[in-house]
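# Observations on the three-dimensional arrangement
Read off the chains here:
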Amino acid sequence: MGLLALGTPLDWPDTKPLAEHIRYHGITQFLNTWDKWKDQTGKGLLWGDEIEYMVVSFDDDNKSALLSLRQTEILEKLQSVTLDPALEKHKPKKCVAIPTFHPEYGRYMVESTPGAPFSGHVKDLIAVECDMRFRRQIIRSLLLPHELPITLTSWPRLGVSGENFTEPPTMPDPEGSSSKSLYVGQLLTNPHARFPTLTANIRQRRGSKVDIRVPLFIDENTVVPEGMSAPQANGHSNPAKPSPGTPYIHMDAMCFGMGCCCLQITFQAWNVDEARRVYDALVPVAPIMLALTAASPAFRGQLADVDARWNVIAASVDDRTEEERGLKPLKENRWRIPKSRYDSVDLYISNDERNKPEYHDTYVPMDPAVRQRLMNHGVDDHLASHIAHLFIRDPLVQFSETIDQDDTASMDHFENIQSTNWQTIRFKPPPVNSPIGWRVEFRSMEVQMTDFENAAFAIFIVLLTRAIISFDLNFYMPISQVDSNMQRAQERNAAKSNKFFFRKNIFPLDRPLTKYDLASRPRTPTLPSPTDSTTSHRIPTSPSTANGSHNHTFISGSSTSLNGHGRESSHASTRCPSPEEEEAYSDEAVEMTLDEVINGRGEGFPGLMGVVNAYLNSLNVDVATKCELRRSLDLIKHRAQGRLVTPAAWIRNFIISHPAYKKDSIVSQEINYDLAKAVDEM
Ligand code: ADP
Ligand code: MG
Ligand code: MG
Ligand code: MG
Ligand code: MG
Ligand code: MG
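Our subject in this report is the structure included herewith. (Residues numbered from 1 in each chain as written. Chains lettered and ligands numbered in written order. Predicted model: local features only at pLDDT ≥ 70, side-chain atom pairs only at ≥ 80, totals over all residues. Heavy atoms only, no water.)

Looking at the magnesium ion (ligand 5), one finds its protein donor set to be Glu50 (OE), Glu50 (OE), Gln264 (OE1) and Glu441 (OE), positioned 2.0 to 2.5 Å from the metal centre. Considered as a linear motif, the donors of the magnesium ion (ligand 5) on their single chain read E-x213-Q-x176-E. Taken as a pair, the magnesium ion (ligand 5) and the magnesium ion (ligand 2) show a spacing of 4.0 Å, with Glu50 coordinating each metal. Taken together, the positions of Gln264 in strand β10 (residues 263-268) and Glu441 in strand β16 (residues 439-442) put the pair 177 residues apart, joining distant regions of the chain. Side by side, Gln264 and Glu441 carry an identical accessibility label, which is buried. (Donors = N, O, S within 2.8 Å, 3.2 Å for Na, K, Ca; no water. Helix = DSSP H or I, 4+ residues; strand = E, 2+ residues; numbered from the N terminus. Buried < 20%, exposed > 50% of the residue type's maximum accessible area, 1.4 Å probe, protein only.)

Given below as structure tokens:
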């Protein structure tokens, strides 16, 4: 989120009648951008991360750690410090630019991004950790002596009943606050008009407060409310949503979800087709990375029976009415809507012929008039459907000053709907009057406690997108299985114990399989290398390639025609596939452990790390740089193997092995204080 526009936000009764106007002009704005950009190529790979922090106020005498609600003052300081040329001399050499800082939903939160996007040079991959550390250092230097920025995804004691958890203390105000929460007060929310309005309008559109329930972790002495019983373990993990009659942690405000911190990666594609292909490939990757980064085992002062935030944040902004949720017959509303506006992707969007209709096996409501209008204009079915699905939602915040816009000079109405569809992957059209091209944002990951980890995940995702493009990988599988993975990813211990659907045949069909491909050969794939002449569009083009120096471009970026290599295809078509080949060509996704999805499992499936390694090996990069990248990638490899635990497992273990823990699922002030201190020390 960039600068927040100022204006007079309309309440829900005044916004609702404007919905059609906003949607209509939103589509006009999109079409103007489409006309301008559909055939344009960008400037190649640019990418950047977003990291969200919580500011914590420590009281060492009383052993308390509270959320500090000084966002406004802190951001003002950050703004002036980053504008001050004096900061230049503190900037580490590796960092490209002075970072930028942004407001976030919680008044205890701050977001940071690199000051300029990173480029497609390997040296930028190496620089990201340094950049992240510099950002944290800047925030740290501006806080009060007893405050620290920490990167926990969920604050374990946010909204705990009957006890204070903020500095200054706040009280819930069920009558006067925008959420009407029984647990959190207005002061928790960023005071900028946008945020309380968003909160109130979601509640009013829904017709009730949001209702968030996560299963409670049941320990020896946990009090199970009367009339409820602990879920039956049955040897496998419990579902991520509480089964009827089982105990849950209740939350009732947007802050519980939007007040969580995450790690997002945005990158610019070469052109719109490449953006759509990579978007699709990342859809099945999103739940995998959620499981691998899981970092939120506690909410409202209690241990949860889940490890990740996703269902909490989805429910925290769920503005669907009872009719839309299927609880009442449709009367006022136009369609039943299976998911919250914050949820996993519903549709693949690429025109890749491998994007088959049968992968769309869930009910996805679309606005038929929007879809028709886009198609009449020449937008293809896949993209028209994607936008017609986003546009089933109402706008949530509209400022009275910007109701009428110049549709050739603004994307605000489009963005109004687009930016409040918070899905796992976001397809971002170019902004108006800007050189920025088509981008894709990867949004499922939980923020990690250290910058080493956050950098590792950023590097991994960026390299994975390069491998997807370079090797023309196929990750398609039914959306219902991706949805199922989203739930599995959140279950307690999912990274270690759960299985996930993943496609086992990820290589393009026009690449004939060899005996070698079919042989069991775990973790060492032989892939068409980007330096191979048949894939010449990906050959690094930087002049420094020849001497293999650091500023080697790791991706030149280009559109490839799918199946366009024609590589040995005549050979492939002159014979019938063997049974092994048929099996290897099968579309099926199979259940794999996270270790298998990441590190491979033989049988021609090298794992996501396998393709990243193959890509990296194909680059002309010096050994020292490669080693540095491998150090980061090893974190992911080892975490998938279970040799390193997720932050969620680490936090849970810290809590349950704390001397003050009474085996009652409760995260006391003292435990939380020690936890926050331990996190900072890392
Ligand atoms: P939002 O909150 O809307 O997702 P932000 O502005 O907070 O967006 O973050 C966007 C990220 O995209 C930043 O990391 C930024 O460095 C990166 N970025 C900026 N320009 C480009 C670009 N042209 N291509 C790709 N990424 C970009
Ligand atoms: Mg942002
Ligand atoms: Mg944002
Ligand atoms: Mg953010
Ligand atoms: Mg973002
Ligand atoms: Mg669906």
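On to helix α3 (residues 71-83). Given a rise of 1.5 Å per residue, 13 residues ought to cover 18 Å, and the 18 Å separating the end C-alpha atoms of α3 matches this to within 8%. Among the residues of α3, Gln71, Ile74, Leu75, Leu78 and Thr82 are the ones counted as buried. Along the long axis of α3, the arc covered by the buried residues comes to 95°, so they all point the same way. Seen from the buried face of α3, the exposed residues on the opposite side, beyond 90 degrees, are Glu76 and Leu83. Buried-residue contacts for α3 involve β1 (46-59), β3 (100-102), β4 (109-113) and α4 (122-142). (Expected span 1.5 Å × (residues − 1). Arc of directions from axis to C-beta. Contact = heavy atoms within 4.5 Å.)

Computed from the structure, the second largest pocket encloses a volume of approximately 670 Å³. As for the second largest pocket, its lining consists of 24 residues, of which Asp211, Lys241, Ala315, Asp318 and Arg320 are closest to the centre. Residue assignment for the lining of the second largest pocket shows that the elements contributing at least two residues are β8 (212-215), α9 (310-316) and α14 (479-490). Within the lining of the second largest pocket, the residues separate by chemical class into eight nonpolar, four polar and 12 charged. (1 Å grid on protein atoms, 1.4 Å probe; cavity = no way out; pocket = protein on both sides within 12 Å on 5 of 7 lines; lining within 4 Å. Points joined across faces, edges and corners; volume = space filled by probe spheres on them. Nonpolar A, V, L, I, M, F, W, Y, C, P; charged D, E, K, R; others polar.)

Residue classification places Glu441 among the buried residues on the basis of a relative accessible area of 2%. A distance of 3.4 Å separates a polar atom in the side chain of Glu441 from a polar atom in the side chain of Lys428. Polar side-chain contacts of Glu441 include one of 3.2 Å to the side chain of Arg443. (Polar contact = N/O pair within 3.5 Å; in protein donor to acceptor, adjacent residues only side chain to side chain.)

We now examine helix α5 (residues 194-206). For an α-helix, the turn length of 3.6 residues means that residues three or four places apart are oriented alike. Its 13 residues place the ends of α5 18 Å apart at the C-alpha level, agreeing with the 18 Å of an ideal helix rising 1.5 Å per residue. Most of α5 sits out of view: 11 of its 13 residues are buried. What α5 keeps buried is the set Arg194, Phe195, Thr197, Leu198, Thr199, Ala200, Asn201, Ile202, Arg203, Arg205 and Arg206. Looking at the packing, one finds that the buried side of α5 touches α1 (12-15).

Moving on, we come to the environment of Gln481. Mapped onto the elements of the fold, Gln481 is located in helix α14. Taking C-alpha positions, Gln481 is 30 Å from Asn653, a pair spaced 172 residues apart along the chain. With near-sequence residues (within four places) excluded, Gln481 lies in contact with Phe501 and Ala589.

Take the pattern of salt bridges next. Within this structure, the stated rule accounts for 41 salt bridges. Close ionic contact of Lys328 with Glu322 constitutes a salt bridge, the shortest N to O distance being 3.4 Å. Here Lys328 falls in the partly exposed class, since its relative accessible area comes to 48%. With a shortest N-O distance of 3.2 Å, Glu441 and Arg443 are connected by a salt bridge. Each member of the pair Glu441 and Arg443 is classed as buried. (Salt bridge = Lys/Arg side-chain N within 4 Å of Asp/Glu carboxyl O.)

Any functional reading would require information that these geometric values do not contain.
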